[in-house]
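# Structural characterization, general
In case you want the letters, here they are:
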Amino acid sequence: MRRLVRPLLFTALATCCATAFAATADQAPQGRLPGWAIPQSYQIAFKVDPAQQDFSGTTTIKVKLTKASDHLWLDGKELKVSKVTITDAAGKQHEGKYVDVDSRAGVVRVDFGSMLKPQELRLKFEYSAPLNAQLQGLYKVSAKGQPYAMTQMEPISARYAFPSFDEPGFKTPFDISLTIPGNEVGVANTSQVSETPAGKGWKMLTFAPTRPLPTYLVAFGVGPWSIANAPDIAPDAYRAKPLPLRGIAPAGQAHHMQHVLSETPSIIHALENYYGFGYPWDKLDLLAAPDFAAGAMENAGLVTFRDWLLLLDKDSPARNVRGSFNVTAHELAHQWTGDTVTLEWWNDIWLNEAFATWMQQKVTMEVHPEYRADLDRVRGAEGAMNSDALVSARSIRQPITGNGDILTAFDGITYQKGAGVIAMFENYVGEKTFQKGMRAYIQAHKFGNATASDLVGAIATAAGKGDAFKHAFNSFLDQSGVPYIQTRLMHKAGKTVLQLSQSRYLPLGSKGDAKRTWGVPVCVRYGTAGGSKVGCEMLDKATGSMVLAGASTPTWIMPNANASGYYRFSLGEPALGRLTAEIGKLSDAEQLAYADAVGASFRRGDLDAGAVLAAFKPLAASKVREVATAPLGQLKWISQHEVRTDAQRARLTAWVKAAWLPRLRELGYQRKAGESDDASLLRSTLASALAFDFKVPEVRAVLLKQGEAVLKSGADGSLDFAAADPDLLGAALGVAVQTQGKPAVDALIAALPRTSDAALRNGILGGLARVEDPTLATQVRDFALDKQVKLGEMGSLLMGGRDTLAGRDAMWQWFIGHYQQVLDRTGSFAGGYLPRLAAGGGCSTPEVERLQAFFKPRMNDAAGITRGLAQTSESIQLCSALKGAQDPAAILR
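Residues numbered from 1 in each chain as written. Predicted model: local features only at pLDDT ≥ 70, side-chain atom pairs only at ≥ 80, totals over all residues. Heavy atoms only, no water.

## Describing the state of the cysteines
Just so we agree on the cut-off: Note that a disulfide, as used here, is simply two cysteine sulfur atoms within 2.5 Å. Strands here are runs of E lasting at least two residues and helices are runs of H or I lasting at least four, both read from the DSSP assignment and numbered beginning at the N terminus. Type-normalised accessible area, obtained with a 1.4 Å probe on protein chains alone, sets the label of each residue: buried when under 20%, exposed when over 50%, and partly exposed for intermediate values.
Scanning the entire structure with this criterion turns up two disulfides. Note that Cys 523 is cross-linked by a disulfide to Cys 536, the S-S spacing being 2.1 Å. Looking along the S-S bond of the Cys 523-Cys 536 disulfide, the torsion reads about 110°, which is the right-handed sense. With a gap of 13 residues between them, Cys 523 in strand S24 (residues 520–528) and Cys 536 in strand S25 (residues 531–539) connect regions that are remote in the sequence. Judged by relative accessible area, which is 46%, Cys 536 ranks as partly exposed. Through a disulfide, Cys 843 is tied to Cys 879; the S-S separation comes to 2.0 Å. Classification of the bridge connecting Cys 843 and Cys 879 rests on its S-S torsion, roughly -90°, and on that basis the disulfide is left-handed. Residue Cys 843 is found in the loop between helix H25 (834–839) and helix H26 (845–855), and its partner Cys 879 is found in helix H27 (residues 865–885); the two are separated by 36 residues along the sequence. Neither Cys 843 nor Cys 879 differs from the other in exposure class; each is buried.

## Thoughts on the sheet that holds strand S18 (residues 296–297)
Rule in force here: Two strands qualify as a pair provided DSSP detects at least 2 bridges between them. Any two residues whose heavy atoms approach within 4.5 Å are treated as being in contact. Inter-axis angles, ranging from 0 to 180 degrees, are taken between N-to-C directions of lines fitted to C-alpha atoms, where helices are fitted over the stretch in contact.
Reading across from one edge, S15-S16-S17-S19-S18 is the order of the five strands in this open sheet, with mixed pairing throughout. On the outer flanks of this sheet lie strand S15 (226–233) and S18, each paired with one strand and no other. Direction of pairing for strand S16 (residues 243–249) relative to strand S17 (residues 284–289): parallel, over a ladder of four bridges. Its bridge partner lying in S17, Ile 248 is registered against Leu 287. Sheet strands in contact with helix H1 (residues 258–275) are S15, S16 and S17, and its direction is about 35° off that of S15. On top of the sheet, helix H3 (residues 318–333) reaches S17, S18 and strand S19 (302–306); it is set at about 150° to S19, its chief contact.

## What to know about the pattern of salt bridges
Applied cut-off: The salt bridge definition used is simple: a Lys or Arg side-chain nitrogen within 4 Å of an Asp or Glu carboxyl oxygen.
Tallied over the entire structure, the rule returns 40 salt bridges. Salt-bridge contacts for Glu 272 lead to Arg 239; the nearest nitrogen and oxygen are separated by 2.7 Å. Taken together, the positions of Glu 272 in helix H1 and Arg 239 in the loop between S15 and S16 put the pair 33 residues apart, joining distant regions of the chain. For the pair Glu 272 and Arg 239, a shared accessibility class is recorded, and that class is buried. Taken together, the shared-partner salt bridges in this structure form one network comprising Arg 322, Arg 625, Glu 626 and Asp 678.

## Describing the pairing of strand S3 (residues 69–75)
Of all seven residues making up S3, six are buried, and the element is well covered by its neighbours. The sheet contact formed by S3 and strand S6 (residues 107–116) spans six bridges and is antiparallel. In the sheet register, Ser 69 faces S6, and the bridge partner there is Leu 116.

## Considering the sheet that holds strand S23 (residues 495–504)
Taking strand neighbours across the sheet as the criterion, the four strands line up as S26-S23-S22-S28 in an open arrangement whose pairing is mixed. Edge positions in the sheet fall to strand S26 (543–547) and strand S28 (568–570), since each of these pairs with one other strand and no more. For this sheet, the mean angle separating the axes of adjacent strands, direction not counted, is 30°. Alignment of strand S22 (residues 483–492) against S28, held across three bridges, turns out to be parallel. Bridge pairing in S28 places Tyr 484 opposite Arg 568.

## Observations concerning the packing of aromatic side chains
Quick reminder of the rule: Stacked, edge-to-face and tilted labels apply to pairs of Phe, Tyr and Trp rings (six-membered ring for Trp) whose centres lie within 6.5 Å, assigned for plane angles under 30 degrees, over 60, and everything in between, in that order. The criterion for a charge sitting over a ring is simple: Lys NZ or Arg CZ within 6 Å of the ring centre, and within 35 degrees of the ring normal.
Per the stated rule, a full pass over the model turns up 39 aromatic pairs. Summarising the aromatic geometry, the rings of Phe 355 and Trp 358 are spaced 5.7 Å apart at their centres and angled 80° between planes, so their arrangement reads as edge-to-face. Note that Phe 355 and Trp 358 are positioned in helix H4 (residues 350–367) at a spacing of three residues, about one turn of the helix. Like Phe 355, the residue Trp 358 is buried in the burial classification. Here Arg 568 stacks its cationic end above the ring of Tyr 505, 4.9 Å away from the centre of that ring. Stacked on the ring of Tyr 819, the Lys or Arg Arg 858 has its end atom at 5.7 Å from the ring centre.

## Topic: the confidence of the model for the chain
Low-pLDDT portions of the prediction should not be read for the details of their coordinates. Worth spelling out the cut-off: pLDDT runs from 0 to 100 and stands for how confident the predictor is about each residue.
Per-residue confidence for the chain gives a mean pLDDT of 95; residues scoring 70 or more make up 97%. Taken together, the stretch residues 5–24 has pLDDT below 50 and engages in 88 contacts with residues farther than four places along the chain or on a different chain.

## A short note on the pairing of strand S4 (residues 80–87)
Sheet analysis places S4 next to strand S7 (residues 119–130), joined by seven bridges and oriented antiparallel. When the bridges of S7 are listed, Ile 86 appears paired with Leu 123. Summarising the sheet, S4 and strand S5 (residues 93–102) pair through four bridges and their orientation is antiparallel. Note on S5: the bridge partner recorded for Thr 85 is Glu 95. Counting the residues that bridge the hairpin from S4 to S5 gives five residues, and of these Gly 91 lies at a positive phi of roughly 90°.

## Here we look at the environment of Ser 316
Applicable threshold: Here a polar contact means two N or O atoms within 3.5 Å. Within protein one must be a hydrogen donor candidate and the other an acceptor candidate, and residues neighboring in sequence count only if both atoms are side-chain atoms.
Mapped onto the fold, Ser 316 is located in the loop between helix H2 (307–310) and H3. Note on Ser 316: relative accessible area 6%, which makes it buried. In sequence terms Ser 316 and Ala 759 are 443 residues apart; their C-alpha atoms lie 6.9 Å from each other. Setting aside anything within four residues of it in sequence, one finds Ser 316 in contact with Leu 311, Val 321 and Arg 671. One polar contact links the side chain of Ser 316 to the main-chain amide nitrogen of Asp 313, over a distance of 2.8 Å.

See below:
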């Protein structure tokens, strides 16, 4: 499953073996289901009409009972089970009883009516259930007034669709059949093998049996889908047969999928070549969902996406085109890590998500090197470090104490930190060695399950490493936090020696304990007479050292060579000054690591704003987009929280304009024929930052002109979206909203339900989210609860308006007044996100106090609130501490 940076619907998993127990028939398992009832296969049949509110189903599960029992436990939620039939090994039928023991968790007991000895049973359930309204399980959505039903089972939502052993460790084959209206189209994980009449106006579709899958990868969809048939993906050394490839889209939109379908073969071949293992399923469908909770979902053979990631044309924003490739590569990487080899339990969700993130970056660098996925890896890891600096941060392999731990594990720690740690150890052992270990891991566990120890062991074996290597790798998996490497140059016996020490990175105001160690592969670039060299050392104690052979005197050091390490570093001001002077000798990735070190030192209280501006100055001039824009986030914080006087504001604005306005003028405000995606992305980033974060009049004036042109409605009342550059549409409409006020807000609210174009909808939402007037902000937030706003779009409207205390106060008052409506619409799976929705961006103690007071009595309203509250509260407190420690006059130095 792919997370996206932009606010989505509030989706968010993970340790070993919370012990399940079922000592008596009235004692529900806590954590995992008992291991003495093991599913062997499923037959799942659904009767679905998307126009209705309910569906019906029949589920038959072959179960291996390994101990005598009069019951078993499984999962089911909101299912109205009318009949349970148990067939024993002798063919005798028993009437079973379905008992909803824990409706909140979705745990049920099936009573056999008598004690049965160990044997193979068949359990048949006949039931009905509502089509879910919160994008979970089998859910209902609409596009252009036409209803669709489709699935999202991960992590623990299969129980909404059918009775099941809803855990990743239970992998079995599935036989899927769909009885649907005769004019509808049905798709599922595997190829359709038959279609037969099923009564007046109905037909039954039967699909080929799947290979072993966990319940969370079962997928199907019903509706007036349009289908784009692409050429088969050609066989290769690892796959003997052609691979059928299709695009599935809402009615009339399949023609927009040609771009992604043309890119997909290169991704599949790159993955097959890396793993030495052919694509494992019988076909590949990519489905553009009318509404979707996550970014995308790796269902075996039927990969589902947010519509804007697949429905592209020549005018699509560059971020959509690039995002489409990256997310597609991520989901297809899952077909090996996640689908072929599946985590045993949710504490190891990183085996799915971290590896898909890491592998996507490798594929992107191979197929589209101009996308600079190497820099995306660095930026992603650095973003994760901001979360990982919290005392309340979870570890990559977080023990599972309840469903809340599962639901909140789809975060930057799992994805970006996990990918960064993988890349660090790949760099340590070498790419070819790491690939050898990955191939062995896939072969050893194909179509089964694996744990972290299986993966780490496979890499260690390939590298010829022992327990020390495993300990180093596991030190990043099993504890939270970011290593903080401090350095000191010394000269001993004619040698240049770099003294190293490590602790936990903690920002100013943190209450954490800095005494923590990891096994850190520290790699350092240092200056030599002929240029530079790199030296590496495994630092597995609190202190260590390395000799810098051939170092110049004096020398400079970059303590994270190639930015390959998941750690932060400190240099002290003299060493920082020497490195700043040599910034041009660093690689692009190293310059990003340098930018992160400057920001991290500022947040520790080691540098003031004036020193930050001086250190950032050479980066802004970089020709590489990712490097040039790296300072923007930290400068936005200084602008929002440190500037006190007009003189300080003028100084910071002048710095920003000098750094980036000439570049934006050179780019212009309209896409040019033949220009690169990177130019479009840079234009969008700079225009948005200068217009909204620093309020540069010149930029706002140009965007306002485009926004006003869009809002000049035609005779039919439609807006002229083509009047704005496609990459600047949201920004242009945002400036118009802030300038025109209610007429612009009203026009955009009216326009949203009139278009199904995903890119245009995103632009409208982006414009509305920029509203500043408190009354209009309330109108926009009220609109977010309207069904004309997709559930997956809701968050983008609710996360705006937080740049000032007044704006956050207004959001707070709206949230507490509409809390139940938000909870009802998003469902219990939004819990981890709710505290951030209410108070994210806060920067004062009173904001923490009111957040705590509101949520502490509501901790059980939804799974995940506890973690979300802890992390949001700590983030606000840290912001407040940093703000209180600043000397705003430093800006003027």
